[in-house]
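Residues per chain, in single letters:
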Amino acid sequence: FGAVREPPRGWTTTGETYRVETTVERDDASGVSVRRTVLENISDRPISARCLMDRFLFLGGDWEVYTQANSWGHESRGGWQPLVTGVASRGPSVRSTQMAAPMLAIWNVQEKRGRVFHLLTDGAWEMHAERAGGQSESMYVTVDVGYDSRHLDYPLQPGGKIALPEVLYYDFENRTDFDCHRLHAYWNARHPAKGPLPVVYDTWLARWDRLELGFVLRQVEQARKIGIDHFVVDAGWYGTKKGWGAACGDWEESPDGWLGGRLGEVAQAVRAAGMKFGLWLEPSRANRDSKIVKAHPDWF
């Protein structure tokens, strides 16, 4: 439907100072392909990478693009738009689904088929589709996915390598769910369930961060009655009542917090009720005012 065919198992590109090796693994049962790319410095001097992205090429026609926004309280809000010039989607940090979901789909209007891309990233990323070429008969579309190239300057010593994020992609005909059964089949075959999942209760949606001790202990009793396996205390167990957000990064209980320094009593009650005790943590971020950032600014 316009996708330029790529070598079925991958290819290698070599320049004066670098080698790029790309492998492609296709799962015939699900139709999902995985592209893995590695950049290597083959020279005797350091080099710097300023773009670490995989490119997919599609021939002319009319195209539409789907991207998906993702933010607190506004999760998974996506939409289609015509590909007139270019459409970009980015995740600015190690929180790979913040601001946007690392997926992008394109749709060929004439053929009524599309391809969806999922990026398995461990850092800031970007995905974009762009119309390019000259006259209308020679127009084509590029889809680039990988690490966010803004301000990127990644050093590679002689012999050094860096792997780009894996890209999962497949063709679809359903514009509503992207034939997601294909992705589910691929993933479940490689990561089968390991038995029944535990039933987890989390305090957040009951009263957000207002964790008065009596209220939490009553929740423990109710959780025991309905057969909960894990009881998790969410945000508000650390920091002060004035704002636990400033303490993100320290993860220490405070006598000025909602539980008044009595978190241990909650843990004992949970275990006495036959449940496992858990705490909510957010190790992916730290507040500038936290003690850990002030003590070790070089870590951040």
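Keep in mind that this is a model prediction, so the values were computed, not measured. (Residues numbered from 1 in each chain as written. Predicted model: local features only at pLDDT ≥ 70, side-chain atom pairs only at ≥ 80, totals over all residues. Heavy atoms only, no water.)

## Brief notes about helix α3 (residues 213-225)
Part 1: An ideal rise of 1.5 Å per residue puts 18 Å on 13 residues; α3 measures up with 19 Å between its terminal C-alpha atoms.
Part 2: By the burial criterion, the buried members of α3 are L213, F215, V216, Q219, V220 and A223. Within α3, the buried residues cover an arc of 160 degrees as seen down the axis, which keeps them to one side. The exposed residues of α3 that point more than 90 degrees off its buried face are R218 and K225.
Part 3: As for α3, its buried residues are in contact with β17 (200-202), α2 (204-207), β18 (230-233) and α4 (263-272).
Part 4: Directly beyond the C-terminal end of α3, a positive phi value near 85 degrees is found at G227. (Helix = DSSP H or I, 4+ residues; strand = E, 2+ residues; numbered from the N terminus. Expected span 1.5 Å × (residues − 1). Buried < 20%, exposed > 50% of the residue type's maximum accessible area, 1.4 Å probe, protein only. Arc of directions from axis to C-beta. Contact = heavy atoms within 4.5 Å.)

## Quick notes on the packing of aromatic side chains
Part 1: All chains considered together, the criterion is met by 23 aromatic pairs.
Part 2: Aromatic side chains W107 and F172 sit 5.7 Å apart centroid to centroid with 35 degrees between the ring planes, which places their arrangement in the tilted category. In this pair, W107 sits in strand β10 (residues 103-108) while F172 sits in strand β16 (residues 166-172), placing the two residues 65 residues apart along the sequence. For the pair W107 and F172, a shared accessibility class is recorded, and that class is buried.
Part 3: Note that R175 overlies the ring of W80, its terminal NZ or CZ placed 4.4 Å from the centroid.
Part 4: Just above the ring of W107 sits the side chain of R175; from NZ or CZ to the centre is 5.2 Å. (Phe/Tyr/Trp six-rings, centres within 6.5 Å; stacked < 30°, edge-to-face > 60°. Lys NZ or Arg CZ within 6 Å of the ring centre and 35° of its normal.)

## Points about the sheet that holds β17
Part 1: Strand order across the open sheet formed by three strands is β17-β18-β19, with parallel pairing between neighbours. Each edge of the sheet is formed by a strand with only one pairing partner; in this case those strands are β17 and β19 (276-279). Averaged over all adjacent pairs, the angle separating strand axes in this sheet is 25 degrees, with direction ignored.
Part 2: Bridge analysis of β18 against β19 gives four bridges, and the strand direction is parallel. Residue pairing across strands places F231 opposite F277, the latter belonging to β19.
Part 3: Set on the sheet, α4 makes contact with β18 and β19; between it and β19 the angle comes to about 145 degrees. (Pairing = 2+ DSSP bridges. Axes fitted to C-alpha atoms, helices over the stretch in contact; angles between N-to-C directions.)

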